[in-house]
Amino acid sequence: MKKIVLLITVIATLSISSCDKEDFLDQPLQGRLTLEDFFADSSNSEFVINGIYRKVNGESWWQVNFQRQINEMASDDNWAGNTAQPRPDITGIAQYNVFPGSTYFNSFWESHYIGITRANLALDQIPISDINEDKKTQFIGEARFLRAFFYFDLVRNFGGVPIVSSYQEILDPSINDKKRASVEEVYAFIEEDLKEAVNNLPRKSEYASADLGRATKGAAQSLLAKVYLYQEKWGQAQSMAKTVMDSGEYSLESDFADLYKVGNAHGVESIFAIEFINNPTFSEVGAQYPITNGSRGDRGWGWGSPTSDLENAFLSEGDNIRLRSTIIKHGEPVFDDPAVTEFDGKPTENKSGRTNRKYYTPVGERPEPYSRGQIPGQYIHIRLADVILFHAEAAFFNGDETAAKNSLKEVRDRVNLTTNMSLTGTALRDAIWKERRLEMALEQHRLYDIRRQKINGVPRIVSILGPNGSFVKYNTQVSTDPFETTNLLEPQNSGALFDPDIHMVWPIPPEEIQLSRGNITQNPGY
């Protein structure tokens, strides 16, 4: 999606003015565009749409994607990792000693609402613009999909949030009176947007190669399936996921290692992804994760280190194919990078001596200078295996164990793992959940998954984190990992402070509460 990465919005160049007291004041300002004039040009409308995409990952590493990385640190798949650089604003979230006013929460909230505002502007103006009808339909679909994407990200991080559905709303002083909608109301709004997007968007195969990365019908259907899953609308989730699986638009990569390979952006498995490029003329058009996730012994910052608990999950399944493409370990060769036969995981400065392989850039494919924001690659938000596992989970809870097992088998077949087709009941459920952990590991899904998945009505995260959680007990009573148990600059009982009465969502940024004059209320416990 190179065009989208490089373009910026031009909203700041627009001016809106009106006055009905003097005729001469009704004359348009010379040299200034009105919104109507601006959106009359199809290319300008595209500029605005492209500007919405910029907020999907954020326009710098700390605005959005780093918060997603911190979320992984607050799960059993990652440590905060970096033990050489004290950052209580990061480790506090990772260890559930949460400061509500954290820059990361503030920036996450702000960036998403800027994206929503841009989408609202497009949805207010493009329907009444005089542009090609096919383009108009597509642009409206993209804006609807992206607005739904932003609200979904907000509701699963903060709970109910204010719904702003029109650009004109932010121009009215009553915007400060907005209150939080309920979680149910936010999800209903998201569903409405996605259903409209499904009707308006082209299929992936209908886009020119230069436009790959734009929202598609399949992306809207996939996100809708995920939204249904989060609400435990099992039948609808199963049906919508199956629609994507049967569309013929996507297929699993034959080699798991190709998923994040540089040069394979928008591959056959990719449903919605943001491509990064190397172009020194522009700032922040390249990836951040290879640096922020990268080992401090490999020109990285060392944040978000995979846990031995996650590695053990792969080993217990005999899953070497995905393990080698997911975790790099200190002292071992880097899979598919012949230049590195003994990786420097810097265990004296890194809690686990492990690094995320999915966002690692092989030495021979690194640009110079090798710097944050200038690294080629992609960030995949939705891929087919993700959707197949939605289907398996929804089918199980919908009472269709045969369909659940068939989908589970499809994902495992790719990595040469056998599937016990006699599984049933809770054993099948647990196998699907474990498969999801292994398949989607370190792709920023784990915290959300263990928050939403329930056993007898209790979120799974309660049994994993907290003082009696399985992850905390493993690290404090069982683990003999030579890196984690010797580098205690990050506490071995990370996660022990988790409180289900507080930490199922993150705090609303206090500055938003202040700006709303208290109309926006804080989440309990913060």
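Residues numbered from 1 in each chain as written. Predicted model: local features only at pLDDT ≥ 70, side-chain atom pairs only at ≥ 80, totals over all residues. Heavy atoms only, no water.

S.K.: Hey, could you run me through the pattern of salt bridges in this one?
M.R.: Side chains that differ in charge, positive against negative, can pair when their charged atoms come close. Following the criterion strictly, the structure yields 49 salt bridges and no others. A salt bridge links Arg-446 to Asp-76; the nearest nitrogen and oxygen atoms lie 2.9 Å apart. Here Asp-76 lies in the loop between helix H4 (65-73) and strand S1 (78-79) and Arg-446 lies in helix H17 (residues 446-452), a separation of 370 residues in the sequence. Its salt-bridge partner being Glu-133, residue Lys-136 comes within 3.4 Å of it at the nearest N-O pair. With Lys-136 and Glu-133 both in helix H7 (residues 133-158), this residue pair falls three residues apart, about one helical turn. With relative accessibility at 9%, the residue Lys-136 sits in the buried group. (Salt bridge = Lys/Arg side-chain N within 4 Å of Asp/Glu carboxyl O. Helix = DSSP H or I, 4+ residues; strand = E, 2+ residues; numbered from the N terminus. Buried < 20%, exposed > 50% of the residue type's maximum accessible area, 1.4 Å probe, protein only.)

S.K.: Could you clarify how one ought to interpret unusual backbone geometry in this entry?
M.R.: With the exception of glycine, most residues fall at negative phi, and the peptide bonds are largely trans. Backbone torsion omega between Glu-368 and Pro-369 reads 0°, so that peptide bond is classified as cis. Of note, Pro-369 is situated in the loop between strand S5 (354-356) and strand S6 (377-383). The backbone of Asn-416 sits at a positive phi, close to 60°, despite the residue not being glycine. Looking at where Asn-416 falls in the secondary structure, it is placed in the loop between helix H15 (401-414) and helix H16 (425-439). The phi torsion at Leu-442 lies on the positive side, around 65°, for a residue other than glycine. Within the secondary structure, Leu-442 is located in the loop between H16 and H17. Judged by relative accessible area, which is 1%, Leu-442 ranks as buried.

S.K.: What is the right way to look at the confidence of the model for the protein chain in this model?
M.R.: Close reading of the predicted structure is inappropriate where its pLDDT is low. A residue-level look at the protein chain finds 93% of positions with pLDDT of 70 or above and a mean pLDDT of 92. Counting interchain partners and residues more than four positions distant, the pLDDT-below-50 stretch residues 1-29 has 48 contacts. (pLDDT = per-residue confidence, 0-100. Contact = heavy atoms within 4.5 Å.)

S.K.: Looking at this structure, I do not really get the side chain of His-391. What am I missing?
M.R.: Inspection of the secondary structure puts His-391 in helix H14 (residues 384-397). The exposure class assigned to His-391 is buried, which follows from its relative accessible area of 3%. A distance of 2.7 Å separates a polar atom in the side chain of His-391 from a polar atom in the side chain of Ser-407. Excluding its chain neighbours within four sequence positions, the residues that come into contact with His-391 are Gln-238, Ala-241, Lys-242, Met-245, Ala-403 and Ser-407. (Polar contact = N/O pair within 3.5 Å; in protein donor to acceptor, adjacent residues only side chain to side chain.)

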